There are 2 protein chains.
Amino acid sequence: MAADLSSARSPVRPVELDRTSPVPLYFQVASRLQELIEQGEIGVGARIENEVDLAERLGVSRPTTRRAIQYLVERGMLVRKRGVGTQVVHPKVRRPVELSSLYDDLVSADRRPRTEVLDLRVAPAPDAVAEALALAPGSEVTWIERLRYAGDEPLALMHNAIPVDLIRLEAADLAAYGLYELLRRAGFVPRIATQVIGARSATTAEARTLHEKRGASLLTMTRTAWDAGGRALEYGSHLYRASRYSFELNLSAG
Amino acid sequence: MAADLSSARSPVRPVELDRTSPVPLYFQVASRLQELIEQGEIGVGARIENEVDLAERLGVSRPTTRRAIQYLVERGMLVRKRGVGTQVVHPKVRRPVELSSLYDDLVSADRRPRTEVLDLRVAPAPDAVAEALALAPGSEVTWIERLRYAGDEPLALMHNAIPVDLIRLEAADLAAYGLYELLRRAGFVPRIATQVIGARSATTAEARTLHEKRGASLLTMTRTAWDAGGRALEYGSHLYRASRYSFELNLSAG
DNA sequence: GTCAATACTTTGTCATGACAAACTGAAAAA
DNA sequence: TTTTTCAGTTTGTCATGACAAAGTATTGAC
């Protein structure tokens, strides 16, 4: 039994790599490995074949194999040790913290998101917001206030500021789609963000809006997002009902 | 002026690469680039020299240059575009979410952490904890309850469970060092973790311990951490004073 | 003047080869 | 028996060379 485990090298069946495909070879290899691990054919703790042999068997170069393995290492499925080998540490992809909006999250969790646009106006940005977005003080921003429902329950009260020259937002669009979706459609893809997560008690008005008791605990999240060109896309200051929502993170260290 | 910006290629002074150093070449190159960007010698928005020229000028191969650039791309400083070039998007390193303990954070923020060990015992793990740590139900764990101060103010009430066969913990050590530091010294390096951040109101007892009013908002964080071998190291369930603490995250998307 | 085709630049992918460093385990020495 | 040494395994680093794909800028046709 014990001997079995130590010899549990990858029982990979012949892999069909498609060299005519636009999908890079390293990605094809990574996908195949990921599949085997997710299906449990290579168990947690088992070592996979070494890079050199794997490369030879698949008919690709070692750098290509390395890149495929690296891809899965970055996702937290594999761990490498020099002189030892590469081991499976987790059967599922541990995604890094996602850069997605609440709307996207709810859609994928099938929680029937609905959005009510409470306010939509163009106004000068307060100093703190202008600084967060790296705009000149007093620059105009589109200011949005939305109430997000999951099913029939209010879940979050969201305030956003978007540089006014970036996109023209309509209440109808905001009610139908997430802000990030609208930004993406306009060609602005959020790539980098900083978030601060905290908590505080609800004011009377906030409690009423969110169907909570006065003084109930709320999760606060402020975020600034930039696109690949370093352009500030969005500043957000959101309130979540702590009784209905929490943030889940997967971390991995070098 | 505008012409100046577009021609603002990296004014890199001759870089001294040390080929005898144990520090990898790609890392030396990355460090040098990072320095130039942090010091503003390559401004945000400016394009850096293309890979081929940079490699030639530094006297290294293109893969080495690419790896250096890739390193900074992953840290959110640079963005690459095929056919265009590589651009500076942020002058500071945007670290991914750190896998460090509160103690380490406070030390680096120079906030004089102090720890009071309220409880330290060996007991069977509750089912939820055993499951989080992937232990058999009822397995013994070392159970710790600590109160963490920053300066003279209590900041967090921390509960941890550590598999009992992993490390022998002493109250004196826990008072002097962070848990992660002790784990690392024993050879267990946390590599992967999942966290859930939420909020709730303080109970009377919690409020008293943390010098808060009854019902004050607290940030909750539960975390399970694993080492590179997939061994569960630690389960933690912590309470932070929302009035004194928040979580800061830097995210980047593919 | 406007639009389309073309040339050029720059990053992306892949192969081959070589040596170094870290770890493991077995053999040899104390 | 215990420790040290050494050989073998495996990942880490680096070089060179080649072609592909995407984006930009220029040129030419209309």
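About the criteria used
Residues numbered from 1 in each chain as written. Chains lettered and ligands numbered in written order. Predicted model: local features only at pLDDT ≥ 70, side-chain atom pairs only at ≥ 80, totals over all residues. Heavy atoms only, no water. Helix = DSSP H or I, 4+ residues; strand = E, 2+ residues; numbered from the N terminus. Buried < 20%, exposed > 50% of the residue type's maximum accessible area, 1.4 Å probe, protein only. Contact = heavy atoms within 4.5 Å. Phe/Tyr/Trp six-rings, centres within 6.5 Å; stacked < 30°, edge-to-face > 60°. Lys NZ or Arg CZ within 6 Å of the ring centre and 35° of its normal. Near = heavy atom within 4 Å. Polar contact = N/O pair within 3.5 Å; in protein donor to acceptor, adjacent residues only side chain to side chain. Pairing = 2+ DSSP bridges. Axes fitted to C-alpha atoms, helices over the stretch in contact; angles between N-to-C directions. Parallel < 35°, antiparallel > 145°, perpendicular 65-115°, else oblique. Left-handed = near helix turned anticlockwise from the far one by under 90°. Nonpolar A, V, L, I, M, F, W, Y, C, P; charged D, E, K, R; others polar. Expected span 1.5 Å × (residues − 1). Arc of directions from axis to C-beta. Salt bridge = Lys/Arg side-chain N within 4 Å of Asp/Glu carboxyl O.

Within an unreviewed UniProt entry, the label attached to chain A reads Transcriptional regulator, and the organism entered is Actinoplanes nipponensis.

A word on the overall build of chain A. Secondary structure assignment for chain A yields nine helices and 10 strands. Expressed as a percentage of its 254 residues, the buried residues of chain A come to 44%. Taking all contacts inside chain A whose residues are at least 6 apart in sequence as the whole, residues at least 24 apart take part in 58%.

Turning next to the packing of aromatic side chains. All names here are of chain A. The full count for this structure, using the stated rule, is 10 aromatic pairs over all chains. A centroid spacing of 5.4 Å and a plane angle of 85° characterise the contact between tyrosine 245 and phenylalanine 247, whose relative ring orientation is edge-to-face. Just as tyrosine 245 is buried, phenylalanine 247 falls in that class too. Among the aromatic residues, those joined into a cluster by ring pairs are Tyr26, Phe27 and Tyr71. Taking NZ or CZ as reference, arginine 114 lies 4.1 Å from the ring centre of tyrosine 149, over its face.

Around DNA strand D lies a shell of 26 residues, among which Leu25(B), Ser61(B), Thr64(B), Arg67(B) and Arg82(B) are the nearest. Of what DNA strand D places within 4 Å of the protein, 72% of the atoms are sugar or phosphate. Here Arg66(A) contributes a side-chain N or O atom positioned 2.7 Å from a phosphate oxygen of DNA strand D. Interatomic distance of 3.4 Å between a side-chain N/O atom of Arg62(B) and a base nitrogen of DNA strand D. Contributions of two or more residues to the surface near DNA strand D are made by α3 (51–58), α4 (62–74), β2 (78–81) and β3 (85–88) of chain A together with α2 (25–38) and α4 (62–74) of chain B.

In the vicinity of DNA strand C, 26 residues are found, and the nearest of them are Leu25(A), Ser61(A), Thr64(A), Arg67(A) and Arg82(A). Close to the protein, within 4 Å, the atoms of DNA strand C belong to sugar or phosphate groups at a rate of 71%. One nitrogen or oxygen atom from the main chain of Gly83(B) is found 3.1 Å from a base oxygen belonging to DNA strand C. Separating a phosphate oxygen of DNA strand C from a side-chain N or O atom of Thr86(B) is a distance of 3.2 Å. Of all the secondary structure elements, the ones that give two or more residues to the surface near DNA strand C are α2 (25–38) and α4 of chain A together with α3 (51–58), α4, β2 (78–81) and β3 (85–88) of chain B. When residues in the surface near DNA strand C are grouped by element, the largest group, four residues, is from α4(A).

Let us look at unusual backbone geometry. Residues and elements named next belong to chain A. Notably, histidine 211 is not glycine yet its phi reads approximately 60°, a positive angle. By the secondary structure assignment, histidine 211 is in the loop between α9 (204–210) and β8 (217–227). Assessed through its relative accessible area of 53%, histidine 211 is described here as exposed.

Moving on: the pairing of strand β5 (residues 140–150) of chain B. Residues and elements named next belong to chain B. Here β5 lies mainly inside the structure; eight of its 11 residues are buried. Note: strand β4 (residues 113–124) against β5, 11 bridges, orientation antiparallel. Pairing of leucine 120 across the sheet is with isoleucine 144, part of β5. In this structure, β5 lies alongside strand β6 (residues 153–163), joined through 10 bridges in antiparallel fashion. The residue bridging valine 141 from the neighbouring strand is proline 163, located in β6. Connecting β5 to the antiparallel partner β6 that follows it, the hairpin turn spans two residues, and glycine 151 within it adopts a positive phi of roughly 65°.

Residues and elements named next belong to chain A. In contact at an axis separation of 8 Å, α2 and α4 are set at 50° when each is read in the N-to-C sense. Relative to α4, the element α2 is oriented oblique. Both α2 and α4 take part in a crossing whose hand is right-handed. Contacts from Leu25, Tyr26, Phe27, Val29, Ala30, Leu33 and Gln34 in α2 reach Thr64, Arg67, Ala68, Ile69, Tyr71 and Leu72 in α4. Looking at the contact of α2 with α4 residue by residue, the classes come out as 10 nonpolar, two polar and one charged.

Attention shifts here to α4(A). Since the α-helix advances by 3.6 residues per turn, residues separated by three or four positions end up pointing in the same direction. Residues and elements named next belong to chain A. With 13 residues, α4 should reach 18 Å at 1.5 Å per residue; the first-to-last C-alpha distance of 18 Å fits that figure. Along α4, the residues that are buried comprise Thr64, Thr65, Ala68, Ile69 and Leu72. Along the axis of α4, the buried positions cluster into a sector of 135°, meaning they face one direction only. In this structure, the buried side of α4 is in contact with α2, β1 (47–48), α3, β2 and β3. Residue glycine 76 follows α4 closely and has a positive phi angle near 85°.

Residue and element names in this part refer to chain B. Between α3 and α4, the shortest axis-to-axis distance is 9 Å and the interhelical angle comes to 110°. Relative to α4, the element α3 lies roughly perpendicular. Where α3 crosses over α4, the handedness of that crossing is right-handed. Contacts between α3 and α4 involve Glu51, Val52, Leu54 and Ala55 from the first element and Arg62, Thr65, Arg66 and Ile69 from the second. Each residue belonging to the contact of α3 with α4 can be placed in one class, and the counts come to four nonpolar, one polar and three charged.

Turning to the pattern of salt bridges, a few remarks are in order. All names here are of chain A. This structure, assessed with the given rule, holds 22 salt bridges over all chains. Between arginine 241 and glutamate 153 there is a salt bridge, and its shortest N-O distance comes to 2.8 Å. Separated by 88 residues along the polypeptide, arginine 241 in strand β9 (residues 232–241) and glutamate 153 in strand β6 (residues 153–163) bring together distant segments of the chain. Residue arginine 241 is classed as buried on the basis of its relative accessible area, which comes to 3%. For arginine 244, the salt bridge is made with glutamate 153, and the minimal N-O distance between the two is 3.6 Å.

On to the sheet that holds β2(B). Residues and elements named next belong to chain B. An order of β1-β3-β2 is seen for the three strands of this open sheet, with the pairing classed as antiparallel. With partners counted over all chains shown, the strands left at the sheet margins are β1 (47–48) and β2, one partner each. As paired elements, β2 and β3 share four bridges and run antiparallel to each other. Note that in β3 the partner of lysine 81 across the bridge is glycine 85. With respect to the sheet, α4 is in contact with β1, β2 and β3, its orientation differing from that of β2 by roughly 120°.

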